[in-house]
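Residue-level structural notes
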Amino acid sequence: MKPARPPAAECDRREIRPDPELIPGQLTLPGMPSQSEPATGQPVLPGLEFPAGSGPEAGEVELAAVAAELSALDRDGTQMAAAIRGALDMLLDGQHTGRFRWDQLHKTEKTHAGTLVEIALARALPLADGTALDYMIAGADVDCKFSHRLGGWMIPPEAEAKLLLLVQASDEDGTWSAGLIRASEENLSPAGNRDGKRTLNEHGRATVRWLHFRAPLQENVLIKLPERDVAAVFALPSGQQRVNELFRRAQRMRVSRTVVATVAMQDDYMKRVRDGGGARDQLRDEGIVIFGDYAGDQLLAAALGLPRPGPGEFVSARLARRARVAVGVGSAGADAAVGAVGVEGGRESGGGREGGYDRRFIRLDGADWVLAGPADPRVPAPSLPRLSGSAASAAQIVSMRVAGGALGAGATYPGRHDGT
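Residues numbered from 1 in each chain as written. Predicted model: local features only at pLDDT ≥ 70, side-chain atom pairs only at ≥ 80, totals over all residues. Heavy atoms only, no water.

A word on the overall build of the protein chain. Of regular secondary structure, the protein chain possesses 13 helices and 14 strands. Buried residues in the protein chain amount to 45% of all 420 residues. Nonlocal contacts in the protein chain, meaning residues at least 24 apart in sequence, comprise 59% of its contacts between residues at least 6 apart. When the accessible surface of the protein chain is split by element, carbon and sulfur atoms take 53% of a total near 22700 Å². (Helix = DSSP H or I, 4+ residues; strand = E, 2+ residues; numbered from the N terminus. Buried < 20%, exposed > 50% of the residue type's maximum accessible area, 1.4 Å probe, protein only. Contact = heavy atoms within 4.5 Å. Areas by Shrake-Rupley, 256 points an atom, 1.4 Å probe, with all protein chains shown as cover.)

Set out below in structure tokens:
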């Protein structure tokens, strides 16, 4: 006897096995089909969504490596700052044009600024050429973008998803910045200009990894001076007269070599400053001295409380004789020393204590000199000694406070006085 067959309907029910429906809110476990998955093809397993070394974490590692490399090349940013300053000065070309402000540039020149900054940074750090972009840093292609204002960088299509070195500098603010970012979609504005260039969106601007933010840029004194003073300088007919007027009006401020060139507008512009007929000689009868970047000049300027001239910089100031003889310091031979520096306390005729702070003095050729105030008479200024670097660094400043409020300090210079 043959066994009875099950009804046809029952066979159909056993053969039909539809995929189980997902419960709303249920997570899809590895190996389970999802509603968006095609019927064929192997499911993507967790951790394999990106090829090796191409995920977002890899991008962050790459950016961090570039940041570390740039920091190692220029930890305090001095080389980058000098390169940016040089690029801006080259663009302005003040020696031949008399220009010193960004708004005096033509539109095409402003566009060219990015190229000059890119080249200057590559030479200063130095940086190798990239494969497709500007630089190769820590094995990564990096594109350099410059803007005169923060947030003004224009990012072309070929730089999208790439690492960017963003640079910004402004003479008006006297600052510069440099940072890194990846030009990913989440960091870019949705729409671009007709060339397809886009800017950073709010998220992108907040994501920049700053290497240096609003760091000091070498000062352009022509921007810091009142407009009437600048106009008075440029109104004079000769280069020597303009340089003289610059140092009259820009006292106690750093004046760069580039500013001197812009004002003189001559090939031999440095001759307009030096001894031997330049501003140093011509302004001496007015009591004005011009400190330079010599080691001895730097020490004397700092002793008076003036800004210390950096490489290629000058600081002018009018001096007046100190009314009282300084309290004796050291041996009797100290008065015959080439120079001495000190800080004067107490009060003297002519306003020894100005504004409630101690008046500083320097001793040159046996006389004590202070920064002149409005009430001080005009007297010829002393010649500044030219000391060798070793002599200036060997100078020791000795301070002593005397009962009654007088504070004297002296330093003898064992160096030579060569008159240059």
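Strand pairing within a sheet occurs via backbone hydrogen bonds; the two strands may be parallel or antiparallel. Strand order in the open sheet made by the six strands is S1-S2-S3-S4-S5-S6, with mixed pairing throughout. Edge positions in the open sheet fall to strand S1 (128-129) and strand S6 (209-216), since each of these has one partner strand only. The pairing of strand S2 (residues 135-137) with strand S3 (residues 140-147) spans three bridges and is classified as antiparallel. Of the residues in S3, the one forming a bridge with Tyr135 is Val142. Its contacts with the sheet put helix H3 (residues 78-92) on S3, strand S4 (163-170), strand S5 (175-182) and S6, and the angle it makes with S5 is roughly 110°. (Pairing = 2+ DSSP bridges. Axes fitted to C-alpha atoms, helices over the stretch in contact; angles between N-to-C directions.)

Take helix H5 (residues 107-124) next. Here H5 spans 26 Å end to end across 18 residues, near enough to the 26 Å set by a 1.5 Å rise per residue. By the largest-angle criterion, Ala113 marks the main kink of H5, which is about 30°. If you check which residues of H5 are buried, you get Ala113, Gly114, Leu116, Val117, Ala120, Leu121 and Ala122. Packed against the buried residues of H5 are H3, S2, S3 and S4. (Expected span 1.5 Å × (residues − 1). Bend = angle between axes of the 7 residues up to and from the residue.)

Under the criterion given, the structure shown has five aromatic pairs. With centroids separated by 5.0 Å and ring planes inclined at 55°, the aromatic side chains of Trp210 and Phe213 adopt a geometry described as tilted. Relative accessible area serves as the criterion here: at 31%, Trp210 is assigned to the partly exposed category. Here Phe247 and Phe314 contribute two aromatic rings whose centre-to-centre distance is 6.1 Å and whose plane-to-plane angle is 85°, an arrangement assigned as edge-to-face. One end of the pair, Phe247, is in helix H9 (residues 239-249); the other, Phe314, is in strand S9 (residues 313-321), with 67 residues separating them in the sequence. (Phe/Tyr/Trp six-rings, centres within 6.5 Å; stacked < 30°, edge-to-face > 60°.)

On to the packing of H9 against helix H10 (residues 257-264). The geometry of H9 relative to H10 is characterised by a closest axis approach of 8 Å and an angle of 135° between their N-to-C directions. Our classification of the angle between H9 and H10 gives oblique. Between H9 and H10 lies a crossing whose hand is right-handed. Residues Gly239, Arg242, Val243, Leu246 and Phe247 of H9 pack against Val259, Val260, Val263 and Ala264 of H10. When grouped by side-chain class, the residues that make up the contact of H9 with H10 number seven nonpolar, one polar and one charged. (Parallel < 35°, antiparallel > 145°, perpendicular 65-115°, else oblique. Left-handed = near helix turned anticlockwise from the far one by under 90°. Nonpolar A, V, L, I, M, F, W, Y, C, P; charged D, E, K, R; others polar.)

What follows covers the side chain of His212. Secondary-structure assignment places His212 in strand S6. When residues no more than four places from it in sequence are discounted, the contact partners of His212 are Asp74, Arg75, Asp76, Gly77, Met80, Trp176, Ser177 and Ala178.

Grouped together as the largest cluster of nonpolar side chains are 38 residues, with contacts concentrated most on Leu70, Ile84, Leu121, Tyr135, Leu165 and Trp176. Those elements that place two or more of their residues in this core are helix H2 (56-73), H3, H5, S2, S3, S4, S5 and S6. Ranked by residues supplied to this core, first place goes to H3 with eight residues. Sequence-distant contacts of Leu70, that is, excluding residues within four places in its chain, are made with Leu125, Leu127, Ile137, Leu165, Leu180 and Leu211. (Core = buried A, V, L, I, M, F, W, Y, C linked by side-chain atoms within 4.5 Å.)

With an omega of -15°, the peptide bond running from Leu125 to Pro126 counts as cis. Note on placement: Pro126 falls in the loop between H5 and S1. You will see that Met265, though not glycine, has its phi angle at about 55°, which is positive. Mapped onto the secondary structure, Met265 falls in the loop between H10 and helix H11 (279-282).

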